[in-house]
Amino acid sequence: MQFELDPLPYEQNALEPHISARTLEFHYGKHHQGYMTKLKNAVEGTPDADKDLVSLIRQAEDQNVFNNAAQVWNHTFQWNSMHPDGGGDPPAALKKELEKHFETVDEFKKTFAGAAKGRFGSGWAWLVKAADGSLQVKSTLNADTPLAGNDIPLLTLDVWEHAYYLDWQNDRPGYVEAFVEHLINWNFIEANLERGA
Ligand code: MN
C-alpha cells in the first residue's frame, strides 16, 4: 500500500467555529499522520507492506498493526463524515430510510449523540448497516472499527479526547451536538449506503 494519507476533503479552517483549524492541524497532521507513520514502520519490509489497508485491518495478527491500520482508516472515514455545509435536514430519500429504522431523524440524531457521549474512554460512534439490512448506531473502543466485522460503516465520529480537547476541553457533549447539528455529511451516508447495498 501507499503509506500516504488522503488529503483532507476541505481546508483546515472549513469546519470552524465547531472544529478549529488548530484542531485539524493536530488531529490530521499529527495524530492521523502519526498512525500512518507507525503503520509504515511496523509493516515495511514484511509481506504486510503489499496489502491494502482494509486487508491489513481484517487480517492483522499483530495488535499494533491492527491498531494503527484501523486508526488510519477510521480517521479518513471521519473526515468524510463531516462537511462544512453539513448538518440540518438529510436529503428526502435518506430521511425516509432513517425514519424506517429510527422513527424520526431527531431520534436518529439523539441515538447517535447518545452513543458518542456515552462511549466510556476513547473510541468512536458509528452509524452502520448491519448484515440484516437494518441501520444501527454503535460505538467502538479505542481503534476498533466495524470494518473488522460484518457491519457496513456509514458515518463515524471520533470521541478520543484529542478530537475535541483544544476547542471544547472536557465538553464532549458540546462537540457531539455541534457535529450532529452542523457537520454531519448526509451525502456521505447516502454514498456509503449505495456502495454497500
Ligand atoms: Mn482521532
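These figures come from a predicted structure and were not determined experimentally.

> Help me understand the coordination of the manganese ion, please; the structure alone is not making it clear to me.
Reference geometry at the metal: tetrahedral coordination by four donors gives ideal angles of 109.5 degrees; octahedral coordination by six donors gives 90 or 180 degrees. For the manganese ion, the full set of protein donor atoms is His-27 (NE2), His-75 (NE2), Asp-158 (OD) and His-162 (NE2), at a range of 1.9 to 2.1 Å. Each donor residue of the manganese ion belongs to the same chain, with the gaps between them written as H-x47-H-x82-D-x3-H. One end of the pair, His-27, is in helix 1 (residues 21-43); the other, His-75, is in helix 3 (residues 63-81), with 48 residues separating them in the sequence.

> Whenever I open this one, the packing of aromatic side chains confuses me. Can you help?
What describes a pair of aromatic rings is the distance from one ring centre to the other and the angle between the planes of the rings. Taken as a whole and judged by the stated rule, the model has 11 aromatic pairs. Measuring from centroid to centroid gives 6.2 Å for Tyr-28 and Trp-79, while their planes differ by 75 degrees, and the two rings are edge-to-face. One end of the pair, Tyr-28, is in helix 1; the other, Trp-79, is in helix 3, with 51 residues separating them in the sequence. Ring pairing ties together the aromatic residues Trp-73, Phe-77, Trp-124, Trp-126 and Phe-188, which thus form one cluster.

> I keep staring at the pairing of strand 2 (residues 135-141) and nothing clicks. Help me out?
For a regular strand, side-chain orientation follows a simple rule: the groups alternate between the two sheet faces. Inspection of the sheet shows strand 1 (residues 123-129) paired to strand 2 by 7 bridges, in the antiparallel sense. Note on strand 2: the bridge partner recorded for Trp-126 is Lys-138. Counted between consecutive antiparallel strands, the loop separating strand 1 from strand 2 contains 5 residues, among which Gly-133 sits at a positive phi close to 90 degrees.

> Explain helix 8 (residues 186-196) to me, please; I cannot follow it from the model alone.
Along an α-helix, residues three or four positions apart point the same way, because every turn accommodates 3.6 residues. For helix 8, the complete set of buried residues consists of Trp-186, Phe-188, Ile-189, Glu-190, Asn-192 and Leu-193. Structurally, helix 8 contributes buried residues whose contacts are with helix 3, helix 4 (92-102), helix 5 (105-118), strand 1, strand 2 and strand 3 (152-158).

> How should the layout of surface pockets be read in this particular structure?
Remark: the empty space left among the atoms is shown by a probe the size of a water molecule rolled over them. Of the pockets and cavities examined, the largest pocket occupies roughly 350 Å³. Contributing to the lining of the largest pocket are 18 residues, with Leu-53, Trp-73, Thr-76, Phe-77 and Arg-195 lying nearest its centre. Only helix 3, strand 3 and helix 8 provide two or more residues apiece to the lining of the largest pocket. When residues of the lining of the largest pocket are assigned to their parent elements, the largest contribution, 5 residues, is made by helix 3. Here the lining of the largest pocket is built from residues that sort into 10 nonpolar, 5 polar and 3 charged.

> Teacher, can you tell me more about the nonpolar core here?
Soluble, globular proteins show a tendency: their nonpolar side chains are buried together. In terms of nonpolar packing, the biggest core is built from 60 residues, with Leu-39, Phe-108, Phe-112, Leu-127, Phe-179 and Ile-189 touching the most fellow members. Per element, the largest residue contribution to this core is 8 residues, and it comes from helix 3. Apart from the residues within four sequence positions on either side, Leu-39 is in contact with Met-1, Phe-3, Leu-53, Leu-56, Val-65, Asn-68, Ala-69 and Val-72.

> Looking at this structure, how should I read the pairing of strand 3?
Of all 7 residues in strand 3, 6 are buried; the element is thus mostly enclosed. Note that strand 1 and strand 3 share 6 bridges and pair antiparallel. For Trp-126, the partnering residue across the bridge sits in strand 3 and is Thr-156.

> Just checking my understanding: could you explain the pattern of salt bridges for this structure?
Between side chains of opposite charge, a pair can form when the charged atoms approach closely. Following the criterion strictly, the structure yields 8 salt bridges and no others. Salt-bridge contacts for Glu-181 lead to Lys-109; the nearest nitrogen and oxygen are separated by 3.7 Å. Linking Glu-181 in helix 7 (residues 172-183) with Lys-109 in helix 5, this pair joins segments that are 72 residues apart in sequence.

Parameters at a glance
- Residues numbered from 1 in each chain as written.
- Predicted model: local features only at pLDDT ≥ 70, side-chain atom pairs only at ≥ 80, totals over all residues.
- Heavy atoms only, no water.
- Donors = N, O, S within 2.8 Å, 3.2 Å for Na, K, Ca; no water.
- Helix = DSSP H or I, 4+ residues; strand = E, 2+ residues; numbered from the N terminus.
- Phe/Tyr/Trp six-rings, centres within 6.5 Å; stacked < 30°, edge-to-face > 60°.
- Pairing = 2+ DSSP bridges.
- Buried < 20%, exposed > 50% of the residue type's maximum accessible area, 1.4 Å probe, protein only.
- Contact = heavy atoms within 4.5 Å.
- 1 Å grid on protein atoms, 1.4 Å probe; cavity = no way out; pocket = protein on both sides within 12 Å on 5 of 7 lines; lining within 4 Å.
- Points joined across faces, edges and corners; volume = space filled by probe spheres on them.
- Nonpolar A, V, L, I, M, F, W, Y, C, P; charged D, E, K, R; others polar.
- Core = buried A, V, L, I, M, F, W, Y, C linked by side-chain atoms within 4.5 Å.
- Salt bridge = Lys/Arg side-chain N within 4 Å of Asp/Glu carboxyl O.

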